[in-house]
Amino acid sequence: MVNATISLVDRGSIRTDRNFLIENETMGSAVDPNPDVEMIEGPVYNLVIDHPEATILWDTGSHPECGDGYWPAELYAAFEHHDADEHPLPDALEDVGYSVGDIDAVVQTHLHLDHAGSLHRFAGTDVPVFVHEQEIKYAYYSAKTEQGSSAYVPSDFDHDLNWRIVHGDTETHFEDVEFLHLPGHTPGVMGTRIDIDGYGTVVFTGDQAYTRANYDEEHPMGGELLWSKRHWEESLQRVQELERRTDADVYCGHDPDDVEELRDGLP
């Protein structure tokens, strides 16, 4: 157990169709051929892990100009982050008592546009940026070819960054902090397990589970949010087994109730 604290960094919210988050949530039928879809808002957040070995930033969030043409128009229409400019990373960090200059290391759960959009703040520095090997390969493949996923914006991550590549299923680079390879949403999603002195084990799933329904009820995300359903199911089982073994508190990637629990920080 390590003497660490965790602070929530509020980066606003994304508005999208609930069918993206929960597969086939709203479907037509002979009785109701044109059902109303539900547009919902989900929080975007980062974390500061104040650890004896480093002040670690978990994800960097959306680019503040995502709604001003920085994101492709069709993606912004589907995933509207209308308040990103109100929560730029420097201001959001300041709200919880930190600055960009305080950050000693960055952990990128993955490189989608709502998670990697402020990596430019660390360009040209020696701050290590941890990312899984499978993720950085797929991000460049997607951004530089017509294949892969459209949810990667090359200008988010194509910088002079001090990349530290994570290769394994589980790696530890800071005491009692484990990076967990949880493919499914993308090939290289990383969750994080932290064993906190006086509190216990906490697991942040990242977008392996977007909401509690994905995790608690095992409903997969909609097809466009899954690179591989089989890998997603295996990753879900892995986190659930970790929760059983360690009695961990598990927090999902964009769940509003989870974010409210985290607002006062841990422990």
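Residues numbered from 1 in each chain as written. Predicted model: local features only at pLDDT ≥ 70, side-chain atom pairs only at ≥ 80, totals over all residues. Heavy atoms only, no water.

## With respect to the pattern of salt bridges
At step 1: A complete count under the given rule lists 14 salt bridges for this structure.
At step 2: With its nearest N and O atoms 3.9 Å apart, the salt bridge here joins Arg193 to Glu178. Separated by 15 residues along the polypeptide, Arg193 in strand S9 (residues 190-196) and Glu178 in strand S8 (residues 177-181) bring together distant segments of the chain.
At step 3: Judged by relative accessible area, Glu178 falls into the partly exposed class, the value being 23%. (Salt bridge = Lys/Arg side-chain N within 4 Å of Asp/Glu carboxyl O. Helix = DSSP H or I, 4+ residues; strand = E, 2+ residues; numbered from the N terminus. Buried < 20%, exposed > 50% of the residue type's maximum accessible area, 1.4 Å probe, protein only.)

## Here's the deal with the UniProt feature "domain: Metallo-beta-lactamase" (unreviewed entry) in the protein
At step 1: Under the local residue numbering, the UniProt record ascribes the feature "domain: Metallo-beta-lactamase" (unreviewed entry) to residues 43-254.
At step 2: The distance separating the terminal C-alpha atoms of residues 43-254 is 5 Å; by composition the span is 25% helix and 25% strand. (UniProt positions renumbered as here; feature names shortened; annotations may be inferred.)

## Section: the nonpolar core
At step 1: The biggest cluster of nonpolar side chains holds 35 residues, and the ones touching the most others in it are Leu21, Trp71, Val203, Tyr215 and Leu225.
At step 2: Sorting elements by how many residues they give to this core places helix H7 (residues 229-246) first, with four residues.
At step 3: Those residues in contact with Leu225 that sit more than four places away from it in its chain are Phe20, Leu21, Phe79, His185 and Tyr210.
At step 4: Formed by 24 residues, the second largest nonpolar core is a distinct cluster that contains Ile49, Ala105, Phe179 and Met190. (Core = buried A, V, L, I, M, F, W, Y, C linked by side-chain atoms within 4.5 Å. Contact = heavy atoms within 4.5 Å.)

## Re the sheet that holds strand S6 (residues 162-166)
At step 1: Strand order in this open sheet of six strands is S1-S2-S3-S4-S5-S6, and the pairing throughout is mixed. Lying at the two open borders of the sheet, with one neighbouring strand each, are strand S1 (5-17) and S6. Averaged over neighbouring strand pairs, the angle between their axes works out to 25° when direction is ignored.
At step 2: With two bridges joining them, strand S4 (residues 105-107) and strand S5 (residues 128-132) adopt parallel strand pairing. In the strand pairing of S5, Val106 is matched with Val129.
At step 3: Along the sheet, helix H4 (residues 133-144) contacts S5 and S6; its crossing angle with S5, the most-contacted strand, is approximately 85°. (Pairing = 2+ DSSP bridges. Axes fitted to C-alpha atoms, helices over the stretch in contact; angles between N-to-C directions.)

## As for the packing of aromatic side chains
The description of an aromatic ring pair rests on the distance of the ring centres and on the angle between the ring planes.
At step 1: The tally for this structure, following the rule as stated, stands at 11 aromatic pairs.
At step 2: Between Trp58 and Phe204 the ring centres are 5.7 Å apart and the planes differ by 50°, which places this aromatic pair in the tilted class. Taken together, the residues span a long stretch of sequence, with Trp58 in strand S3 (residues 54-58) and Phe204 in strand S10 (residues 200-204) at a distance of 146 residues. In this pair, the class of Trp58 matches that of Phe204, namely buried.
At step 3: Ring centres of Tyr152 and Phe157 lie 6.5 Å apart, and the angle between their planes is 85°; on these two criteria the pair is classed as edge-to-face. The pair Tyr152 / Phe157 is uniform in exposure class, with both members buried.
At step 4: Through pairs of rings, three or more aromatic residues link up here, namely Tyr138, Tyr140, Tyr141, Tyr152 and Phe157. (Phe/Tyr/Trp six-rings, centres within 6.5 Å; stacked < 30°, edge-to-face > 60°.)

## Regarding the pairing of strand S7 (residues 170-174)
At step 1: Relative to S8, S7 is paired through four bridges, and the arrangement is antiparallel. Pairing of Thr172 across the sheet is with Glu178, part of S8.
At step 2: Linkage of S7 to S8, two consecutive antiparallel strands, is achieved through a turn of two residues, within which Asp176 is found at a positive phi near 60°.

## As for the side chain of Thr192
At step 1: Tracing the sequence through the fold places Thr192 in strand S9.
At step 2: Residue classification places Thr192 among the buried positions, given a relative accessible area of 1%.
At step 3: In terms of polar contacts, Thr192 uses its side chain to reach the side chain of Trp58, at 2.9 Å.
At step 4: Aside from chain neighbours lying at most four places away, what touches Thr192 is Trp58, Val177, Glu178, Phe179, Leu180, Val202, Val203 and Phe204. (Polar contact = N/O pair within 3.5 Å; in protein donor to acceptor, adjacent residues only side chain to side chain.)

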